[in-house]
Amino acid sequence: MKAKIAIDGPAGAGKSTVARAVAKELGLAYLDTGAMYRAITLAALRAGVDFNDSRALADLTESVELDIQIGSDGENIIFLNGENVSEEIREPEINSNVSYVARCPEVREIMVSKQQEIGRRGGVVMDGRDIGTKVMPEAEFKFFLTASLEERARRRLAELKAKGINLTLPQMIEEIRTRDKIDSERECSPLQAARDAIYLDTTEMTIEQVVKYIVDIVVDSK
Ligand code: CDP
């Protein structure tokens, strides 16, 4: 199947888990575009680059080697200059800084062109913030997943807890609220549902229900 499926939405809406499961069920590739911005954020933190210095961020983005491989369960394995950083890019320090890097137009230009190169081949599910609006506006299936702020914070908290990272619910709510605000208010490709996206509030839904909902729409359209 050469379908292109775009899944966008705010932080913690379950996009990555859903997108990966949808891809697996439909035999498509999965690209986690957020992981790309996370990897650049890690590189910027390590290099001590000022997040307000767009030129330095762009130079850094151009100079690093970012490689994405698909794991046995369809997950993305992210290599930064040859080092597997898949775990490290999920840490709280990246969560709280990634939106400052992702709002830089020069960084986005480089990332979007890599993503479009992958999207052009088709047969892909991509999740992010601007997939339906900017990266693959031509995608035949576009979904915008959301959930209440508190539910999204709870889901993210549980994910981090499973990795031994303990934050409180108010801390998590604050982090997600701040990230959503920066992502939605930035000038370059802000978080926005495409006009032709199917909007889905997943607050009361399980991951399995969301996956089935999307897979059914794609399969029924064939
Ligand atoms: O998993 P979660 O929703 O928390 O975040 P993510 O998808 O890993 O994305 C991390 C951050 O990268 C977002 O908060 C955005 O600032 C940025 N991002 C973006 O700007 N555009 C994308 N297509 C994907 C992510």
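Preceding this section is the structure that the text describes.
Quick caveat, the model's predicted, so the values are computed rather than measured.

Trainee: I'd like a rundown of the pairing of strand 1 (residues 4-8), residues and numbers included.
Mentor: A regular strand carries its side chains on alternate faces of the sheet. For strand 1, the buried fraction is high: five of the five residues fall into the buried class. Judged by which residues are buried, strand 1 turns out to be covered on both faces: K4, A6 and D8 on one side and I5 and I7 on the other are all buried. Summarising the sheet, strand 1 and strand 6 (residues 124-128) pair through five bridges and their orientation is parallel. Paired with I7 across the strands is D127, a residue of strand 6. One ladder, built from four bridges, connects strand 1 with strand 7 (residues 141-146); its direction is parallel. Looking at strand 7, one finds that I7 is bridged to F143.

Trainee: So what's going on with the pattern of salt bridges? Which residues, and what values?
Mentor: Side-chain pairs of opposite charge can arise where the charged atoms are in close proximity. In total, this model carries 20 salt bridges according to the counting rule given. A salt bridge links E159 to R156, with the nearest nitrogen and oxygen atoms 3.1 Å apart. Here E159 and its partner R156 are both found in helix 8 (residues 149-162), three residues apart, which amounts to about one turn of the helix. Linking E175 and R179 is a salt bridge whose minimum nitrogen-to-oxygen distance equals 3.2 Å. With E175 and R179 both in helix 9 (residues 169-185) and four residues apart, this pair spans about one turn of that helix. The exposure classification of E175 matches that of R179, with both residues buried.

Trainee: Tell me about helix 2 (residues 33-47), and name the residues and values.
Mentor: Its 15 residues place the ends of helix 2 22 Å apart at the C-alpha level, agreeing with the 21 Å of an ideal helix rising 1.5 Å per residue. Across the 15 residues that make up helix 2, a large majority, 11, are buried. Listed in full, the buried residues belonging to helix 2 are T33, A35, M36, Y37, R38, A39, I40, T41, L42, A43 and A44. If you check the start of helix 2, you find a side-chain oxygen 3.2 Å away from the backbone N of G34, and it comes from D32.

Trainee: So what about the layout of surface pockets? Which residues, and what values?
Mentor: Reported here for the largest pocket is a volume of approximately 940 Å³. Around the largest pocket, the lining is made up of 38 residues, and of these S16, D32, R38, R90 and R156 lie nearest the centre. Secondary-structure elements contributing two or more residues to the lining of the largest pocket are helix 1 (15-26), strand 2 (29-32), helix 2, strand 4 (76-80), helix 5 (98-102), strand 6, helix 8 and helix 9. When grouped by side-chain class, the residues that make up the lining of the largest pocket number nine nonpolar, 11 polar and 18 charged.

Trainee: Hey, could you go over the sheet that holds strand 5 (residues 83-84) for me, with residue numbers and the actual values?
Mentor: Taken in spatial order, the three strands line up as 3-4-5 in an open sheet, and their pairing is antiparallel. Lying at the two open borders of the sheet, with one neighbouring strand each, are strand 3 (66-70) and strand 5. Alignment of strand 4 against strand 5, held across two bridges, turns out to be antiparallel. Within strand 5, the position partnered with F79 by the bridge is N84. Here helix 2 sits on the sheet in contact with strand 3, strand 4 and strand 5, set at roughly 25° to strand 4.

Quick notes on the rules
Residues numbered from 1 in each chain as written. Predicted model: local features only at pLDDT ≥ 70, side-chain atom pairs only at ≥ 80, totals over all residues. Heavy atoms only, no water. Buried < 20%, exposed > 50% of the residue type's maximum accessible area, 1.4 Å probe, protein only. Helix = DSSP H or I, 4+ residues; strand = E, 2+ residues; numbered from the N terminus. Pairing = 2+ DSSP bridges. Salt bridge = Lys/Arg side-chain N within 4 Å of Asp/Glu carboxyl O. Expected span 1.5 Å × (residues − 1). Polar contact = N/O pair within 3.5 Å; in protein donor to acceptor, adjacent residues only side chain to side chain. 1 Å grid on protein atoms, 1.4 Å probe; cavity = no way out; pocket = protein on both sides within 12 Å on 5 of 7 lines; lining within 4 Å. Points joined across faces, edges and corners; volume = space filled by probe spheres on them. Nonpolar A, V, L, I, M, F, W, Y, C, P; charged D, E, K, R; others polar. Contact = heavy atoms within 4.5 Å. Axes fitted to C-alpha atoms, helices over the stretch in contact; angles between N-to-C directions.

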